[in-house]
Amino acid sequence: MRSVWPAQKFCLFAGLVTLCWAAMLDPKLLRESPEVVRAAIARKHLDVDLDTVLALDAAWRAQLQEVEALRGQQKAANTAMAALPKGTPEFVAKVAEMKAVSAAAKEKDTALKDTEEKWKQAMLTLPNLPHASVPAGRTPEENVVFATHGDITALSPQAVPHWEIGGFDRLFDFARGAKVTGAGFPFYVGDGARIVRALLQFFLDEDVQAGYTEVAPPIFVNAASATATGQLPDKEGQMYETTPDHLYAVPTAEVPLTNFYRDEILPEESLPVRRCAYTPCFRREAGSYGKDVRGLNRLHQFDKVELLKWVHPATSYDELDKLRDDAERLLRKLELPYRVLLMCGGDLGFAQTKKYDLEVWAAGQKRWLEVSSCSNFEAFQARRAQIRYRARDTGKPELVHTLNGSGLAVPRVLAALLENNLQADGRVKIPAALAPYFGKEYLTFG
RNA sequence: GGAGAGAUGGCUGAGUGGUCGAAAGCGGCGCUUUGCUAAAGCGCUGUAGGAGUAAAAUCCUACCGGGGGUUCGAAUCCCCCUCUCUCCGCCA
């Protein structure tokens, strides 16, 4: 059964992708400055075959010109024939002549489409180019600690991992979640459910305060949307898919939110557009194991508020800094120690030009947990999703830059909160900023 | 889920095989007139790709919801899909 679907899926998003879906990197940039692209990609330490892409591009342009020449002939003949009375010898002769041209055009066009398809596939393998400010490096160890906040040595050295806290299982019922759904789908009970709701409300209120407009998006998306943000076709196995409608449960609110403006042209004066959205997030995360996945560290379903911006290209790096600061502020208000990593070239994602990770310190596990990832995509996503603005000076549509980051992901923030704030009496102190949302000053496991 | 009607440019809306990238109107931009505003008159006003240029100019091609087909030629004919609207059914 499964093998049938890729073809059907292709049809589903074929409309969106007619000419642009592979064109994630600017084809003109590649054509005109291949060495710039080559050098930039090298900083990501990815292995790509640029020469093949360039050769396909050249072949495609040559074939395009042949096809267009034949089409031109057809068009000219068409105009001439319109003036001719039907059935005259000239008309009949023209039909015969054009039959041959038509056949030739069809043949060349098939070849052109074939080349184009290969070129698109090759273009899809090209990543976005890292920004000049991205540090060199190949592995996560080479990420730069950009900033730290709070004192982790002030926390109790006796702190335990949150899953070892007495009564943890009553508030976060993984066993029953596994029975009812599967591993990684816990029930949150009593104060467990209450703290999740409090955090979400706190995050959303703070984000709105910071200038983001709240959105409640659909939590299933179609194939075209998943393609535009890059989940398809590569990361298909990481999403849950519904039968028989073939919708995808969102892995992050980024997907429906980014697609909000898909195939649209925004007025320049409306930029920047800032939005925040809470959704549950669903991730299959096949192949994970070990202590990384214990307790609340990694779940198949979790709650997250996402921040998203559509901005003018000239401002996108300023906006990235502001985005990071908006996410940081939440951690500061929760009084959680954290650090900010500036990702090196080798640890940057495929689509990002620059990325900061926010990691909160979990005193019991004695490790940093990623709770937000703030990225600039420049025009990479916008090109794929065709999200543009109309430039005031030229009147022409230009691609926007998109950015996103979490603000924030609940379970890991919660894990740090439980581990760092556990009192000797077994209760968890709720930070002052959150207490009004939680309704009391301590969380209890009783 | 059942029945019917639709999908055309920023919007409204003509167009049923050829000279249609597409009438007309609205909106937008520019100019003229005007003390200012309003009104009027005239002109311009889609997107993408390619060629071309120092950059323009200019030229070519594609696009009338999406895909496929018929034809020398498709917005127009045929098939499939998606979406929207109306009515019925069901439902929080």
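Keep in mind that what you see is a predicted model, and the values were worked out from it rather than measured.

S.K.: So what about the overall build of chain A? Which residues, and what values?
M.R.: Of the regular secondary structure elements, chain A holds 14 helices and 17 strands. Each principal axis of the C-alpha atoms in chain A carries an extent, and together these give about 105 × 45 × 40 Å. Sorting the 446 residues of chain A into buried and exposed places 38% on the buried side. A separation threshold of at least 6 residues defines the contact pool for chain A, and within that pool the share at least 24 residues apart is 76%.

S.K.: With reference to specific residues and values, describe the packing of helix H4 (residues 50-83) against helix H5 (residues 89-124).
M.R.: Two elements in contact, H4 and H5, have axes whose closest approach is 8 Å; the angle formed by their N-to-C orientations is 155°. It follows from the interaxial angle that H4 and H5 lie roughly antiparallel. The way H4 lies across H5 gives a crossing that is left-handed. Tallied by class, residues from the contact of H4 with H5 come to 19 nonpolar, 6 polar and 8 charged.

S.K.: Could you give an account of the sheet that holds strand S14 (residues 397-399), naming the residues involved and the relevant values?
M.R.: The strand order across the open sheet built from 3 strands is S7-S13-S14, with neighbouring strands paired in mixed fashion. Looking along the sheet, the strands with just one partner apiece sit at the ends: strand S7 (264-267) and S14. The average angle at which neighbouring strand axes cross in this sheet is 40°, direction not considered. Inspection of the sheet shows strand S13 (residues 387-390) paired to S14 by 3 bridges, in the antiparallel sense. Each residue of the ladder has a partner; that of Arg 388, found in S14, is Leu 399.

S.K.: How would you sum up the sheet that holds strand S8 (residues 273-282)? Please name residues and give values.
M.R.: Picture the strands of a sheet paired through backbone hydrogen bonds; they go either parallel or antiparallel. The mixed open sheet is built from 8 strands, whose spatial order is S1-S10-S11-S12-S15-S9-S8-S4. Pairing within the sheet leaves two strands with one partner each, and these edge strands are strand S1 (144-149) and strand S4 (213-215). When strand polarity is set aside, the average angle formed by the axes of neighbouring strands in this sheet is 25°. One ladder, built from 5 bridges, connects strand S10 (residues 338-342) with strand S11 (residues 354-362); its direction is antiparallel. Following the sheet pairing, Leu 342 is matched in S11 by Tyr 356. Contacting S4, S8, strand S9 (301-311) and strand S15 (401-409), helix H8 (residues 191-209) crosses the sheet at an angle of about 5° to S9. Relative to S11, helix H13 (residues 410-420) is tilted by about 35°, and along the sheet it contacts S9, S11, strand S12 (367-376) and S15.

S.K.: How would you summarise the packing of H8 against H13 if you had to cite specific residues and measurements?
M.R.: Across the interface, H8 lies against H13 with an axial gap of 10 Å and an inter-helix angle of 115°. When the interaxial angle is binned, H8 and H13 end up roughly perpendicular. Crossing geometry of H8 relative to H13 is assigned as right-handed. Contacts from Ile 195, Val 196, Leu 199 and Leu 200 of H8 reach H13 at Val 410, Val 413 and Leu 414.

S.K.: Pulling in residues and values, what's your account of the domain arrangement of chain A?
M.R.: By a frequent convention, interface size equals the accessible area lost on bringing the separate parts together. According to the domain assignment, chain A consists of domain 1 (2-124) and domain 2 (140-443). The straight-line distance from the C-alpha centre of domain 1 to that of domain 2 is 40 Å.

Reading the values: rules and limits
- Residues numbered from 1 in each chain as written.
- Chains lettered and ligands numbered in written order.
- Predicted model: local features only at pLDDT ≥ 70, side-chain atom pairs only at ≥ 80, totals over all residues.
- Helix = DSSP H or I, 4+ residues; strand = E, 2+ residues; numbered from the N terminus.
- Buried ≥ 20, exposed ≤ 12 C-beta atoms within 10 Å, placed from the backbone.
- Contact = placed C-beta atoms within 7 Å.
- Axes fitted to C-alpha atoms, helices over the stretch in contact; angles between N-to-C directions.
- Parallel < 35°, antiparallel > 145°, perpendicular 65-115°, else oblique.
- Left-handed = near helix turned anticlockwise from the far one by under 90°.
- Nonpolar A, V, L, I, M, F, W, Y, C, P; charged D, E, K, R; others polar.
- Pairing = 2+ DSSP bridges.
- Domains from an automatic or database assignment.

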